[in-house]
Structure formats: C-alpha cells, structure tokens
Amino acid sequence: MHDSMLQKLEQLKSRLDEIEAALIDSDTVKDIDRYTQLNKEFSELKPIIEKFDDYNKTKDRYEGAISLLESNDDEIKDLAKLELEESQAEYENFERELKFMLLPKDSADDGSAYLEIRAGAGGDEAGIFAGDLFRMYSRLAEREGWGIEVINTRPAEQGGLKEAVAKLTGKGVFKVMKFESGVHRVQRVPETESQGRIHTSTCTVAVLPESEEIKDVDIAKSDLRIDTYRASGAGGQHVNKTDSAVRLTHIPTGLVVECQDGRSQHKNKEKALSLLGAKLKQQELEEQQESIASERKVLVGTGDRSEKIRTYNFPQGRMTDHRIKLTQHNLDQIMDGDIKSICDALLSENQLAMLSQLEEE
C-alpha cells in the first residue's frame, strides 16, 4: 500500500480517537446537532479503522513468516511457508478492501432522488416505452422499500407517457439509481405494426440527487416566473375548477419545472421548488465535472442525456448495457423492476475505475 494511503489511515485513526473522547464529553452531549454529526462520523470511520487494525495484524504475521524462512530448522521453515501463504492472501484482501473504503464518497449517495423520463424518437411507441420505464422504476422502488411521489406526468395520445417526473425517497436511493441517466433504446414490434417489423424508439432518463446541500440552494424570488394553470388528466371535477398546477421558470438559466399532481397549489409549488433546486445543483456539479477531466474519467459513461446507455430488445428477450458490455436475457423480469443487479454492476465498475485512478496517483 502506498505511503500516502497509510498516512491517510493513520490520520483517520487519530480522528476516531478524538471523536470517541468528544462523545463522552458532557458539553458535546448537550449540543444535539454536534453530537449527532460526531456520531455519524464515528459510524463511518469505525469500520475503516477496524479493517485497518486487521490489516496491520495480518501484515505483522506476514512479515514474521518471512523472517522465519531464514531459519535453519526445516520444520520451522515449512510452518513459515504455510503461514506466509495464508497471511499473504489475507493481507492482500484487507489491503484491497481498505482501498475501496478510502475511495471518495458521493455526498448524495445516501439520499433520495428525482427521476425524470421523457419520450424521445419513435412517436407513439416512444410514449408507450416511457410508460414501461416508469413502471419498471416504480416496481424497483417497491422491491427496495422506497417511497415514490409523482410530481408531474403528461400522458401520450396512444397510451403511455410523454413525460413523467417523480421523487424516489429512501436511504441510498441515489447510490442505486445514479447511473440510470442517459438514452434508453427499445427494439420491438409495436402492436399497431401489421407486417411484424421491428421498430426502434428511445426515451431519455435523468436522475437528480436530493441532498442537504440541495435543500440549502438559495433561489431569489426575482429570478422566478411562476405560472399557474388547470391540471390535466385524472382528477374529476376538481381539475376543471382550480388552477392548482404550477410551472416555475428560472429566468437566469431558462430551466422550467412543472408540478400538477397534487390538488393544492401551495404543495405543488413546494414540490416544484425542490425539483428546481435539484436541477440547479446538478447543473453546477456538471459544470465542475466538465472542468476536471480526471473526474470524468471515472464515471460510468458521462451521464450525458444524449448518450445511448442501454438497449431493451424484446424479440430476443435481452437487455444490453453498452457502458459495461453487460447482457442479460431476462427482459421480462427486468421490465418488472428486477434491475438491482444491473445497478450494482455499474456501481462496481465505477468503483474499480476510481480505484485504478487512485492507485495511479
């Protein structure tokens, strides 16, 4: 392991000792915010330091076995060889695990996320596919125990959706979902196709994190244009009576968000403001990433909405993720929300890329 990593681990060990001392201090206990923050930091650092202690113990065993190889006693040499073989495997394993633990954390990983799906090229079939994707992610949310709150939907004329915006709430939602952004392509025979020809359609998916930082985004009232209008779609008599739907336009950037799902104009405005904050924060992050080439190298794809990331081929019952060359032949289960293994594979690939870069540096 590089000296810089060992130095970092020693610093974290010292920090953990400081936190332990602070947590039993009566002044800290009185300050709830500080106590909560220190507890959170403690729970993040403790597993790393426990692993570091295991690493050091195994390293001592490994180095001890090497010194015993110089013995003149053949029996001791044989025992040393066995010890060396066992401790080396453990030593290398602990070292690799520690490297993964030291990778930079995405502060938004633990939080909730906004999901946007928009029909792209392909006419009516693209709208139907957008509806299928929305159901897929809704089923994933059910499987993972997340909450799902619809913010805005625009139905397509022949079924499906032109657009769907929802908030997925739960611990670690963004970590699972963050590599879903991009163009999703479907290949299948539409129900309206009489000659059985396969059509190709696309939808754009965007996943935006909701974190504490986003809640703190300051949006000046003078930068906003607020329009209200009557909600469309289901809603009974209420839809025809009140202008509950809200459209916000952020004048400096031109960003537009809408919310018409709730019956309360106030609630819809609140949801729209939260989504706008997430979009502004994401725009800021993307600008930072574009200016730092090394950060972009470790992304699974660029997350660019124009980048084709995945193909769903219905005639062959297959899904291919083009970024990591992953192909699965269980399309029915995938469309029913069984995509956690795909999300995990993308996360692992990203971590491996980050680890490779960390080792190069």
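Basis of the calculations
- Residues numbered from 1 in each chain as written.
- Predicted model: local features only at pLDDT ≥ 70, side-chain atom pairs only at ≥ 80, totals over all residues.
- Heavy atoms only, no water.
- Helix = DSSP H or I, 4+ residues; strand = E, 2+ residues; numbered from the N terminus.
- Expected span 1.5 Å × (residues − 1).
- Buried < 20%, exposed > 50% of the residue type's maximum accessible area, 1.4 Å probe, protein only.
- Pairing = 2+ DSSP bridges.
- Axes fitted to C-alpha atoms, helices over the stretch in contact; angles between N-to-C directions.
- pLDDT = per-residue confidence, 0-100.
- Contact = heavy atoms within 4.5 Å.
- Patch = residues over 30% accessible without salt bridge, like charges linked within 9 Å, V, L, I, M, F, W, Y side chains within 5 Å.
- Areas by Shrake-Rupley, 256 points an atom, 1.4 Å probe, with all protein chains shown as cover.
- Salt bridge = Lys/Arg side-chain N within 4 Å of Asp/Glu carboxyl O.
- Lys, Arg positive; Asp, Glu negative; His and termini not counted.
- Charge placed at Lys NZ, Arg CZ, Asp CG, Glu CD.

## Some details on helix 1 (residues 3-23)
Turning to step 1, where the next piece is worked out: In a regular helix each residue adds 1.5 Å, so 21 residues correspond to 30 Å; helix 1 covers 30 Å between its end C-alpha atoms and thus fits that length.
Turning to step 2, where the next piece is worked out: Residues of helix 1 that are buried include every one of M5, L6, L9, L12, L16, I19, A22 and L23, and no others.

## Structural notes on the sheet that holds strand 6 (residues 224-229)
In a beta sheet, neighbouring strands pair by backbone hydrogen bonds and run either parallel or antiparallel.
Turning to step 1, where the next piece is worked out: Overall, antiparallel pairing links the three strands, which are arranged 6-7-8 in an open sheet. Strands with a single pairing partner mark the edges of an open sheet, and in this sheet they are strand 6 and strand 8 (255-259). Averaged over neighbouring strand pairs, the angle between their axes works out to 15° when direction is ignored.
Turning to step 2, where the next piece is worked out: Pairing geometry for strand 6 and strand 7 (residues 245-250), over six bridges, is antiparallel. Of the residues in strand 7, the one forming a bridge with L224 is H250.

## What about the confidence of the model for the chain?
Turning to step 1, where the next piece is worked out: Averaged over all residues, the pLDDT of the chain equals 84, while 87% of them reach at least 70.
Turning to step 2, where the next piece is worked out: Helix 10 (residues 293-297) is the least confidently modelled element of the chain, averaging 42 in pLDDT, while helix 11 (residues 331-335) averages 97, the highest of any element.
Turning to step 3, where the next piece is worked out: Within the model, the stretch residues 234-240 combines pLDDT values under 50 with nine contacts to residues more than four positions away or in other chains.
Turning to step 4, where the next piece is worked out: Every residue in residues 291-299 is under pLDDT 50, and counting partners more than four places away or in other chains gives eleven contacts.

## Regarding the sheet that holds strand 1 (residues 112-119)
Turning to step 1, where the next piece is worked out: Strand order in the open sheet formed by eight strands is 2-3-1-5-4-9-10-11, with mixed pairing between adjacent strands. The open sheet is flanked by strand 2 (147-155) and strand 11 (326-328), the only strands paired with a single partner. Each neighbouring strand pair of the sheet contributes to a mean axis angle of 15°, computed without reference to strand direction.
Turning to step 2, where the next piece is worked out: Bridging between strand 1 and strand 5 (residues 199-210) involves eight bridges; their strand directions are antiparallel. Residue pairing for strand 5: Y114 is matched across the bridge by L208.

## Focus on a negative patch on the surface
Turning to step 1, where the next piece is worked out: Taken together, the side chains of D73, D74, E75 and D78 present a region of like negative charge at the surface.
Turning to step 2, where the next piece is worked out: Along the polypeptide, D78 turns up in helix 4 (residues 74-101).

## A few points about the pairing of strand 4 (residues 182-188)
Consecutive side chains along a regular strand alternate between the two faces of the sheet.
Turning to step 1, where the next piece is worked out: Of all seven residues that make up strand 4, six are buried, and the element is covered over most of its length.
Turning to step 2, where the next piece is worked out: Here strand 4 pairs with strand 5 via seven bridges, running antiparallel. Residue pairing for strand 5: V183 is matched across the bridge by T204.
Turning to step 3, where the next piece is worked out: Pairing of strand 4 with strand 9 (residues 308-313) involves five bridges; the strand directions are parallel. Residue pairing for strand 9: Q187 is matched across the bridge by N313.

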